[in-house]
Amino acid sequence: MLVKRKGITISRQIMDDQMLHPGATGELTGLLNDLVVAGKIISAEVNMAGLADILGQSGRTNIQGENVQKLDVFANQTIKRRMEQCGHVCVMTSEEDDDIIPVLDGYEGNYTIAFDPLDGSTNIDVNVSVGTIFSIHRRLGGTGQGSAADLLQRGSKQVAAGYIIYGSSTVMVYTTGHGVYGFTLDPSVGEFFLSHPNITIPEHSLYYSVNEAYANHWFDSTRRYVDFLKQADGGKGPYSLRYIGSLVSDFHRNLIKGGIFIYPETDSAPKGKLRLLYECNPIALLAEQAGGKATNGKTRILDIKPTSLHQRTPFYVGSKNMVAKAEAFLKICNT
Ligand code: FDP
């Protein structure tokens, strides 16, 4: 395996990944490179948000009298435009669109992409980090336009997944199944450089992330696990709560520092809130590739067979030992 040094460009890394797959055609490389371009465009727009008065409702006009869009609409269009004509995708699904999204005729490729163009978007107008999440599968077979079936594959079949976080800096974190790498955008030259080689998530940590406002609506098992985190845990605890309310930001922090992120089922939302295809699956693959764990409490996230594009799932992800402990609580209390 090639030794990665901080400072290599993301396109170099993507090409190195391709070399790990003898016989690769370069299609995935092309797709990922187009995603990188989309990330740069969205990053520029997010950074200009306050200045350009782009916040607010679609259809508003900015100070130049131009029609402006909400950032999540902008991000969605940007990714769709890059992907529909990159020549490597046969069908897409987005958090923003009800149905599958076709690609341009004549540009159909061998991959599918599911994405959340701007996750955490309720935080945009308060300068909290938001992010683009993506999940890529190889199509089931055939040629031409893809179908929903091509998208409804298990997370374990992902060939690549990642996110781009727009924060104090813009960082792209991705995996093609050979570890997790983070690249930071240098806006002065418009290039992502390797800043986080071979990320591993600490097996244990003292952080947990969950929206405790819903505690009265959780199942007993979740409540008992979170209560446990507030106890001493044999001298390890009490744990500290860190919840931003933006999945990419919360997960990114836990990936680097360790911790568990929980978005559980509640009595009114028995499937939780987060979406399997373009939130939980890609984050779960990153977690596992970094040595962590992801479950819905009963089943490994990556083993769930999706049945619909926007299906939701409870989500427990992060440091291996912490997620295992959560699972143990859920099993005991659910029996
Ligand atoms: P948002 O609604 O702001 O887009 O899935 C969407 C998401 O944010 C996640 O990013 C975040 O973790 C979660 O919802 C926050 O939900 P709560 O406000 O219910 O805690």
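The present account deals with the structure reproduced in this document.

Thresholds, definitions, all that
Residues numbered from 1 in each chain as written. Predicted model: local features only at pLDDT ≥ 70, side-chain atom pairs only at ≥ 80, totals over all residues. Heavy atoms only, no water. Helix = DSSP H or I, 4+ residues; strand = E, 2+ residues; numbered from the N terminus. Buried < 20%, exposed > 50% of the residue type's maximum accessible area, 1.4 Å probe, protein only. Lys, Arg positive; Asp, Glu negative; His and termini not counted. Salt bridge = Lys/Arg side-chain N within 4 Å of Asp/Glu carboxyl O. Polar contact = N/O pair within 3.5 Å; in protein donor to acceptor, adjacent residues only side chain to side chain. Contact = heavy atoms within 4.5 Å. Pairing = 2+ DSSP bridges. Axes fitted to C-alpha atoms, helices over the stretch in contact; angles between N-to-C directions. Near = heavy atom within 4 Å. Areas by Shrake-Rupley, 256 points an atom, 1.4 Å probe, with all protein chains shown as cover. 1 Å grid on protein atoms, 1.4 Å probe; cavity = no way out; pocket = protein on both sides within 12 Å on 5 of 7 lines; lining within 4 Å. Sits in = over half its atoms within 2 Å of the grid points. Nonpolar A, V, L, I, M, F, W, Y, C, P; charged D, E, K, R; others polar.

## Structural notes on the side chain of Arg-139
Relative to the assigned elements, Arg-139 resides in the loop between β4 (130–138) and α5 (148–151). Put simply, Arg-139 is tucked away with no salt bridge, and the nearest opposite charge, on Asp-150, sits 4.5 Å away. A distance of 3.1 Å separates a polar side-chain atom of Arg-139 from the backbone oxygen of Gly-141. Separated by 2.9 Å, the side chain of Arg-139 and the backbone oxygen of Gly-144 make a polar contact. Contact partners of Arg-139, with chain neighbours within four places excluded, come to Cys-90, Gly-109, Asn-110, Tyr-111, Thr-112, Gly-144, Gln-145, Gly-146, Asp-150 and Gln-153.

## Some remarks on the sheet that holds strand β2 (residues 101–102)
In spatial order, the strands read β2-β1-β3-β4-β5-β6-β7-β8; together these eight strands make up an open sheet with mixed pairing. Whereas interior strands pair on both sides, the edge strands pair on one side only; in this sheet they are β2 and β8 (191–196). With five bridges connecting them, strand β1 (residues 89–94) and strand β3 (residues 111–119) associate as parallel partners. When the bridges of β3 are listed, Val-91 appears paired with Thr-112. Packing of helix α2 (residues 27–47) onto the sheet brings it into contact with β1, β3, β4, β5 (158–166), β6 (170–175), β7 (180–186) and β8, and relative to β5 it is tilted by some 15 degrees.

## Comments concerning the environment of Thr-9
Following the sequence through the fold, Thr-9 ends up in the segment before α1 (10–19). The exposure class of Thr-9 is partly exposed, given its relative accessible area of 23%. Considered as a pair, Thr-9 and Ile-165 are 156 residues apart in the sequence and their alpha carbons are 17 Å apart. Contacts of Thr-9, omitting those with residues within four sequence positions, involve Phe-183, Glu-191, Phe-192 and Phe-193.

## A look at the pairing of β5
Within a regular strand, side chains alternate between the sheet's two faces. Among the nine residues that make up β5, eight are buried, leaving the element largely enclosed by the rest of the structure. Pairing geometry for β5 and β6, over six bridges, is antiparallel. Residue Ala-161 lies in a different strand from β6, and its bridge partner there is Thr-175. Between β5 and β6, which pair antiparallel in sequence order, lie three residues.

## Description of the site of the ligand
In the neighbourhood of the ligand, 15 residues make up the surrounding shell, with Asp-119, Thr-122, Tyr-243, Tyr-263 and Glu-279 lying closest. At a separation of 2.6 Å, an oxygen atom of the ligand approaches a polar side-chain atom of Asp-119. Burial of the ligand by the protein chains amounts to 84% of its free accessible area of 470 Å². One can see that the ligand is located within the largest pocket. Residues of the shell around the ligand, tallied by class, amount to six nonpolar, six polar and three charged.

## Observations concerning the pairing of strand β11 (residues 260–263)
The alternating pattern of β11 places Ile-260 and Ile-262 on one face and Phe-261 and Tyr-263 on the opposite face, and all of these are buried. Sheet analysis places strand β9 (residues 207–209) next to β11, joined by two bridges and oriented parallel. Considered in β11, the bridge of Ser-209 is made with Phe-261. Here β11 pairs with strand β13 (residues 315–318) via four bridges, running antiparallel. Paired with Ile-262 across the two strands is Tyr-316, which belongs to β13.

By themselves, these figures tell us nothing about what the structure is for.
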